[in-house]
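Residues per chain are reported as follows:
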Amino acid sequence: MSEPLAAAHPLPPEVAGPRRFRIGVVGAGRVGAVLAAGLRAAGHEVVAAAGESDASRGRMADLLPGVVNDKPSAVARGCDLLLLTVPDDMLGNVVSVLADSGALHEGQYVVHSSGLHGLEILAPATAVGARAIALHPAMTFTGTAVDLDRLSGCVFGLTAEPAERECAAALVADLGGRAMWVPENRRALYHAGLAHGANHLVTLVTEAMELLAAAGADDPAATLRPLLTAALDNALDHGDAALTGPIVRGDVNTVRAHLDGILAEAPTTLSTYLALARATLSRAVVDGRLTAMRALKMNEVLDSAEARRPLRVRRIG
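Residues numbered from 1 in each chain as written. Predicted model: local features only at pLDDT ≥ 70, side-chain atom pairs only at ≥ 80, totals over all residues. Heavy atoms only, no water.

Quick word on the environment of Asp70
Now for step 1: Checked against the element boundaries, Asp70 lands in the loop between β4 (68–69) and α3 (72–77).
Now for step 2: For Asp70, a relative accessible area of 35% translates into the label partly exposed.
Now for step 3: Note: C-alpha distance between Asp70 and Ala50 (20 residues apart in sequence) is 5.2 Å.
Now for step 4: In contact with Asp70, other than residues within four places in its own chain, are Ala49, Ala50 and Val75. (Helix = DSSP H or I, 4+ residues; strand = E, 2+ residues; numbered from the N terminus. Buried < 20%, exposed > 50% of the residue type's maximum accessible area, 1.4 Å probe, protein only. Contact = heavy atoms within 4.5 Å.)

Things to note about the pairing of strand β7 (residues 131–137)
Now for step 1: Judged by how many residues are buried, β7 sits mostly within the fold: 6 of 7 residues are covered.
Now for step 2: In terms of strand pairing, strand β6 (residues 109–112) meets β7 through 4 bridges, oriented parallel. Note that in β7 the partner of Val111 across the bridge is Ile133.
Now for step 3: Pairing between β7 and strand β8 (residues 155–160): 5 bridges, direction antiparallel. (Pairing = 2+ DSSP bridges.)

Remarks on the side chain of Asp147
Now for step 1: Its place among the elements puts Asp147 in helix α6 (residues 146–150).
Now for step 2: In this view, Asp147 contacts Val34, Met139, Thr140, Phe141 and Thr142; residues no more than four positions away in its chain are not counted.

Overview of the pairing of strand β9 (residues 178–181)
For a regular strand, side-chain orientation follows a simple rule: the groups alternate between the two sheet faces.
Now for step 1: In the sheet, β8 pairs with β9 via 4 bridges, with the strands oriented parallel. Residue pairing in the sheet places Gly157 in a bridge with Met180 of β9.
Now for step 2: Viewed along the sheet, the connection from β8 through helix α7 (residues 162–174) into β9 turns out right-handed. (Right-handed = clockwise from strand over helix to strand, strands pointing away.)

Describing the nonpolar core
Now for step 1: Core analysis: the biggest nonpolar cluster contains 37 residues, and Val111, Ile133, Leu135, Leu151, Phe156, Leu158 and Leu171 have the highest contact counts within it.
Now for step 2: Looking at which element gives the most residues to this core, the answer is helix α1 (residues 30–41), with 6 residues. (Core = buried A, V, L, I, M, F, W, Y, C linked by side-chain atoms within 4.5 Å.)

Some thoughts on the pattern of salt bridges
Now for step 1: Applying the stated rule across the entire model yields 11 salt bridges.
Now for step 2: A salt bridge links Arg22 to Glu45; the shortest N-O distance between them is 3.5 Å. Taken as a pair, Arg22 in strand β2 (residues 22–26) and Glu45 in strand β3 (residues 45–50) lie far apart in primary sequence, 23 residues in all.
Now for step 3: A salt bridge links Glu306 to Arg309, with the nearest nitrogen and oxygen atoms 2.6 Å apart. Residue Glu306 shares its accessibility class with Arg309, and that shared class is buried.
Now for step 4: Salt bridges linked by common partners bring Arg278, Asp303, Glu306 and Arg309 together as one network. (Salt bridge = Lys/Arg side-chain N within 4 Å of Asp/Glu carboxyl O.)

Considerations on the packing of aromatic side chains
The geometry of two aromatic rings is summed up by the distance between their centres and the angle between their planes.
Now for step 1: The final tally for this structure, using the stated rule, is 1 aromatic pair.
Now for step 2: On the basis of an interplanar angle of 75° and a centroid distance of 5.4 Å, the ring pair of Phe21 and Tyr109 is categorised as edge-to-face. With Phe21 in the loop between β1 (9–10) and β2 and Tyr109 in strand β6, this residue pair connects regions lying 88 residues apart in the sequence. Comparing Phe21 with Tyr109, the two get one shared label, buried.
Now for step 3: Over the aromatic face of Trp181 sits the side chain of Arg165, whose NZ or CZ is 3.8 Å from the ring centroid. (Phe/Tyr/Trp six-rings, centres within 6.5 Å; stacked < 30°, edge-to-face > 60°. Lys NZ or Arg CZ within 6 Å of the ring centre and 35° of its normal.)

Looking at the packing of helix α8 (residues 187–214) against helix α9 (residues 220–238)
Now for step 1: The interhelical angle for the contact between α8 and α9, taken along N-to-C directions, is 125°, at an axis separation of 9 Å. Here α8 is positioned oblique relative to α9, judged by the angle of their axes. By crossing handedness, the relation of α8 to α9 is classed as right-handed. Here Val205, Ala208, Met209, Leu212 and Ala213 of α8 come into contact with α9, specifically with Pro220, Ala221, Thr223, Leu224 and Leu228.
Now for step 2: Residues of the contact of α8 with α9, tallied by class, amount to 9 nonpolar, 1 polar and no charged. (Axes fitted to C-alpha atoms, helices over the stretch in contact; angles between N-to-C directions. Parallel < 35°, antiparallel > 145°, perpendicular 65-115°, else oblique. Left-handed = near helix turned anticlockwise from the far one by under 90°. Nonpolar A, V, L, I, M, F, W, Y, C, P; charged D, E, K, R; others polar.)

Focus: helix α4 (residues 88–100)
Now for step 1: Every buried residue belonging to α4 is among Leu91, Val94, Val95, Leu98 and Ala99, and all of these are buried. For α4, the arc enclosing every buried residue in end-on projection is 120°, short of the 170-degree limit, so these residues lie on one face. In this structure, α4 carries Asp89, Asn93 and Asp100 as exposed residues pointing more than 90 degrees from its buried face.
Now for step 2: Buried residues belonging to α4 abut β2, α3, β5 (81–84), β6 and α5 (123–126). (Arc of directions from axis to C-beta.)

Okay, structure coming up:
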């Protein structure tokens, strides 16, 4: 059986040891610049960062004034804790190039911020004696000073070998965060949960605003805000018990009317509505709040709308 995900928990102040690192940052993007600034505020020295774009240079000027902008290899050579905050698909190549070039050294901490990856992707670093940590902040970043206050209480998904766990926990404590230990083989599942909940929520909310705008709302966001805030709070507190609405009630005619309106006025949102309606329907049946017979009638309505979908917006595959 796979090791379960550990619950996030606040770290006591004494976990943060007295050691202060010389930190280098490769990838001075929204995440990297903010994490480095947070660690700098906690007493660590940020000695250099690598950022090529104008946006990265601007963030360094705002969040890391005085920090040298250098090549990744030079940044890696000059620090005892290297923070890699590059896109997931670039991470493996960046680690390999730095290790092959001799920029990484024995005893150096190499810490990445990817939610998807654990320690395996840092194998080229550990092969030369570096100490690997996966440290992912479970929040969205603007890349501005606003994010620094948001780090307080933020959950960090951590993966580390026993010898590195104390350092990983201390870094999170320095940032004011909460540690959640994620087994190596559960990193993808952990990241999927975050992406499904946050990234897909943006798509859902945007489509809901488009429907309201098509219905004549002059401020769709203001219309949705109190409803969505309550729904999110209830879902986080009560799970499936928070489900309300026509699907859970089995209101076939109401759902049919929704689908007719969507097909007529906003057909590009139909795929999302159908997918989430079916998922909601399934959960309502499993939860015992909807009978199988009522669910069958609801499925027939959903299937009928699927069949009437205009060809130009039909699902691919």
